[in-house]
Amino acid sequence: MRAANALGAIRFFRRMKPVPETTSPLSYAAVIFDMDGLLVNTSAVWERPAQTLLASFGVEWTPQISELYRGMDARGVVTTLHRMFAPSCTLEACFAAYRTALLAAYDTSPIAPLPGADRLLQALSGKRPLALASGSPAQGIASVLARFGWTGHFTHIVSSEETATGAGKPAPDVFLAAAERLGVAPSKCLVIEDSLAGVQAAAAAGMACYAVPSAMASEIRTRATQVFASLDAIADTLPALC
């Protein structure tokens with residue numbers, strides 16, 4: 001009986017998924033940050049243009065619809081909505097209208113830093129090369145970073161619109177472009193993300209990923225290297241002198 005119980009215990013523990021050892025961003029050669037939903041709350045920036053676009057389709061915007069394109073860039077958002085609702089306007093006409101409204105929203109919508117954002121950036125700045133890789137247009141990224149005094153923390157800033165393919169997340173292109181500019185192999189980079197699309201993009205790029213989920217936490221947990229409750233929790237993994 002004891003032997004049988006011992007054998008059963010061995011089989012049980014073999015089936016258990018190992019719990020990853022907690023590391024810190026300093027375990028990697030470079031750190032690549034997302035922006036929207038991770039460093040700043042820009043939900044209003046993205047919601048208003050989407051609401052206007054959907055209204056032109058005769059469709060009412062809902063939070064459930066927004067989950068279908070969370071983490072995507074402007075073209076990804078419009079392509080997703082255009083495919084879902086098949087409006088009379090062309091994809092390119094819809095994209096042009098949405099992108100124009102999005103850029104205006106960066107100047108007129110409320111934007112707030114998320115808890116721990118400034119602390120983590122301050123702690124890592126100068127200790128590892130930092131890049132920002134976002135699906136936002138370059139003008140929107142520049143506006144946000146200047147507003148909060150974060151521009152100087154980043155060695156490189158990349159919009160998915162600037163990559164060779166223009167492909168947004170979950171494609172890995174923006175993260176690979178950031179790694180190339182940093183001069184660091186993808187396998188030595190850490191991505192910090194909030195969305196499922198971003199976590200998928202990091203995995204496709206061959207990069208480790210810390211996630212602070214803004215939604216779809218259960219799916220993100222199966223794909224991210226480690227999951228944290230907040231950016232403050234990531235900062236807590238750093239040595240006290242950081």
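Everything here concerns the structure above.
Residues numbered from 1 in each chain as written. Predicted model: local features only at pLDDT ≥ 70, side-chain atom pairs only at ≥ 80, totals over all residues. Heavy atoms only, no water.

So what about the nonpolar core? Which residues, and what values?
Counting 49 residues, the largest nonpolar core has Phe 33, Leu 39, Tyr 98, Leu 120, Phe 154, Ile 192 and Leu 231 as the members making the most contacts within it. When residues no more than four places from it in sequence are discounted, the contact partners of Leu 39 are Phe 33, Asp 34, Ala 112, Pro 113, Leu 114, Ala 117, Leu 121, Leu 132, Trp 150, Phe 154 and Leu 231. In this structure, Ala 30, Leu 196, Met 207 and Ile 220 belong to the second largest nonpolar core, which totals 24 residues. (Core = buried A, V, L, I, M, F, W, Y, C linked by side-chain atoms within 4.5 Å. Buried < 20%, exposed > 50% of the residue type's maximum accessible area, 1.4 Å probe, protein only. Contact = heavy atoms within 4.5 Å.)

Can you lay out helix α5 (residues 91–108) for me, pointing to particular residues and giving the numbers?
When the terminal C-alpha atoms of α5 are compared, their 26 Å separation across 18 residues agrees well with the 26 Å that a helix rising 1.5 Å per residue should span. Of the positions making up α5, those classed as buried are Cys 94, Phe 95, Tyr 98, Leu 102, Ala 105 and Tyr 106. The buried residues of α5 occupy one face: seen down the axis, they fall within an arc of 100 degrees. Along α5, the residues that are exposed and aim more than 90 degrees away from the buried face are Thr 100, Asp 107 and Thr 108. (Helix = DSSP H or I, 4+ residues; strand = E, 2+ residues; numbered from the N terminus. Expected span 1.5 Å × (residues − 1). Arc of directions from axis to C-beta.)

Before we move on, can you summarise the state of the cysteines with the specific residues and values?
Applying the stated rule across the entire model yields one disulfide. Here Cys 89 is linked by a disulfide to Cys 94, with a sulfur-sulfur distance of 2.2 Å. (Disulfide = S-S within 2.5 Å.)

Lay out the pattern of salt bridges with the relevant residues and their values.
Counting across every chain of the model gives seven salt bridges. Of the charged contacts in the structure, one is a salt bridge between Asp 232 and Arg 119, with a shortest N-O distance of 3.1 Å. Taken together, the residues span a long stretch of sequence, with Asp 232 in helix α11 (residues 231–235) and Arg 119 in helix α6 (residues 117–124) at a distance of 113 residues. According to the relative accessible area criterion, Arg 119 is partly exposed, its value standing at 40%. We note a salt bridge from Lys 169 to Glu 193, for which the minimum N-O separation is 2.7 Å. Pair noted here: Lys 169 is in the loop between β5 (156–159) and α8 (173–182) and Glu 193 is in strand β6 (residues 189–193), with a separation of 24 residues, a long-range link. (Salt bridge = Lys/Arg side-chain N within 4 Å of Asp/Glu carboxyl O.)

An account of the packing of aromatic side chains is needed here, citing residue identities and associated values.
According to the stated counting rule, one finds five aromatic pairs in the structure shown. Between the aromatic rings of Trp 46 and Tyr 98, the centroid separation amounts to 6.5 Å while the plane-to-plane angle is 45 degrees, which identifies the pairing as tilted. Taken together, the residues span a long stretch of sequence, with Trp 46 in helix α2 (residues 43–57) and Tyr 98 in helix α5 at a distance of 52 residues. One exposure class covers both Trp 46 and Tyr 98, and it is buried. Among the aromatic residues, ring-to-ring pairing joins Tyr 28, Tyr 210 and Phe 228 into one connected group. A cation over a ring is seen here: Arg 75 above Phe 95, with NZ or CZ 4.0 Å from the ring centre. (Phe/Tyr/Trp six-rings, centres within 6.5 Å; stacked < 30°, edge-to-face > 60°. Lys NZ or Arg CZ within 6 Å of the ring centre and 35° of its normal.)

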